[in-house]
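As a plain string of letters, each chain reads:
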Amino acid sequence: MSETRRVAIVTGGARGIGAATARRLAADGRAVAVVDLKESDAQSTVDRITAEGGTALAVGADVSDAEQVAAAVALVAERLGPPAILVNNAGVIRDNLLFKMSEDDWDTVMQVHLRGSFLMTRAVQEHMTSQGWGRIVSLSSTSALGNRGQANYATAKAGLQGFTKTLAIELGKFGVTANAVAPGFIETDMTRATAERVGMDFEEFKAAAAAQIPVRRTGRPEDIAATVSFLAGEESGFVSGQVIYVAGGPRD
Ligand code: NAP
């Protein structure tokens, strides 16, 4: 089966970790659907993949909207073929200390990370189970272990770990694995926004983070893409229900 062109879906693939992951899976020979809120944003990743010789499709969808998710998955199945790999990567932050956190900050984070991953996975699983092969990789975070100012995000990222372990139990007999990747500090627009929020220059912010990380550097989107590539690969079929921390050290 290693020569089969499997179809992958990467949510939040317009930039950051999602874009790097979409490019990596395309380089691995997958046909990749890049899903993001705006199709035009997803198209920029698709253009890069195409220029690099890969096959990709841009799809505009909000992962927290059940109808948009169903339409997006149907479009992917029709245009690229039945999806066999799903990377639940779309994410947002709405950081604030608990006493200042609004209900909207809480709900938005739960909607995108938890409801979004649930809806996408529910929509894609029938294609995976009918093929008897599937790989689900969800983006958790070292924040799942607790992080000041992120009660909403930490809860969602810990929730995704429980979701992953349950998927592994339910779907294993159909040849489908589910794992989570929990990044530490990765250089993306998301960490750039965090630096802005705390009033620090991004380079200074990165240097401060690197000093606390055992390998003495911050992570790059390609570090995460490489780990997702393994978990989405042909040879990882006996790895399921795991959370792999990719953080330059044991946790952050
Ligand atoms: P990013 O640069 O902010 O990119 C996130 C992408 O998700 C954006 O393209 C965004 O679209 C898209 N998105 C947001 N809400 C969406 C929705 N409802 N439906 C579809 N797409 C949506 O983030 P990143 O840093 O690459 O992070 C990617 C994932 O890794 C997230 O789950 C994040 O929580 C996790 N993570 C990141 C780090 C880190 O240090 N960067 C660490 C641990 C975990 P718009 O641009 O239109 O908003």
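Since this is a predicted model, take the numbers as computed values, not measurements. (Residues numbered from 1 in each chain as written. Predicted model: local features only at pLDDT ≥ 70, side-chain atom pairs only at ≥ 80, totals over all residues. Heavy atoms only, no water.)

**Quick look at helix α1 (residues 16–27)**
Part 1 of the reasoning: The first and last C-alpha atoms of α1 sit 17 Å apart over 12 residues, in line with the 16 Å expected at 1.5 Å per residue.
Part 2 of the reasoning: All of the buried residues along α1 are I17, G18, A19, A20, T21, A22, L25 and A26. (Helix = DSSP H or I, 4+ residues; strand = E, 2+ residues; numbered from the N terminus. Expected span 1.5 Å × (residues − 1). Buried < 20%, exposed > 50% of the residue type's maximum accessible area, 1.4 Å probe, protein only.)

**Considerations on the sheet that holds strand β5 (residues 134–139)**
Part 1 of the reasoning: Spatially, the seven strands line up as an open sheet ordered β3-β2-β1-β4-β5-β6-β7, and their pairing is parallel. A single partner strand is all that each edge strand has here, and the edge strands are β3 (55–60) and β7 (243–246). Here the strands of the sheet are splayed against their neighbours by 20° on average, with no regard to which way each runs.
Part 2 of the reasoning: Judged from the six bridges that link them, strand β2 (residues 31–36) and β3 form a sheet pairing that is parallel. Looking at the pairing, V35 lines up with V59 of β3.
Part 3 of the reasoning: Along the sheet face, α1 touches β1 (7–11), β2, β4 (83–88), β5 and β6 (176–183) and points at about 170° away from the line of β1.
Part 4 of the reasoning: In this fold helix α8 (residues 221–231) packs onto β4, β5, β6 and β7, with an angle of close to 165° to the strand it touches most, β6. (Pairing = 2+ DSSP bridges. Axes fitted to C-alpha atoms, helices over the stretch in contact; angles between N-to-C directions. Contact = heavy atoms within 4.5 Å.)

**Re the domain arrangement of the protein chain**
Part 1 of the reasoning: Splitting the protein chain by domain gives domain 1 (3–184 + 221–243) and domain 2 (185–218).
Part 2 of the reasoning: For domain 1 versus domain 2, the distance between C-alpha centres works out to 24 Å.
Part 3 of the reasoning: Across the contact, 13 residues belong to domain 1 and nine residues belong to domain 2.
Part 4 of the reasoning: Summing both partners gives a buried area of about 880 Å² for domain 1 against domain 2, and 59% of it is carried by carbon and sulfur.
Part 5 of the reasoning: Three residues stand out in domain 1 for area buried against domain 2, namely I93, D95 and G184, and they jointly supply 41% of the buried area on that side. (Domains from an automatic or database assignment. Buried area = accessible area lost by both parts, 1.4 Å probe.)

**What about the pairing of β6?**
Part 1 of the reasoning: A large share of β6 lies buried, amounting to eight of its eight residues.
Part 2 of the reasoning: Burial along β6 is two-sided: the face carrying V176, A178, A180 and A182 and the face carrying T177, N179, V181 and P183 are both buried.
Part 3 of the reasoning: Summarising the sheet, β5 and β6 pair through six bridges and their orientation is parallel. Directly across from I136, in β6, lies its bridge partner A178.
Part 4 of the reasoning: Once you follow β5 into helix α5 (residues 151–171) and on to β6, the crossover reads as right-handed.
Part 5 of the reasoning: Where β6 lies against β7, four bridges are found, and the strand directions are parallel. By the bridge assignment for β7, A182 is matched with Y245. (Right-handed = clockwise from strand over helix to strand, strands pointing away.)

**Brief notes about the side chain of S143**
Part 1 of the reasoning: Note on placement: S143 falls in the loop between β5 and α5.
Part 2 of the reasoning: Taking the relative accessible area as the measure of exposure, S143 reaches 7% and is therefore buried.

**Observations regarding the pattern of salt bridges**
Part 1 of the reasoning: Under the defined criterion, the tally for this structure stands at nine salt bridges.
Part 2 of the reasoning: Note that R217 and D223 form a salt bridge whose closest N and O atoms lie 2.9 Å from each other.
Part 3 of the reasoning: Note on D223: relative accessible area 21%, which makes it partly exposed.
Part 4 of the reasoning: What emerges from the salt-bridge pattern is a single network uniting R6, R30 and E234. (Salt bridge = Lys/Arg side-chain N within 4 Å of Asp/Glu carboxyl O.)

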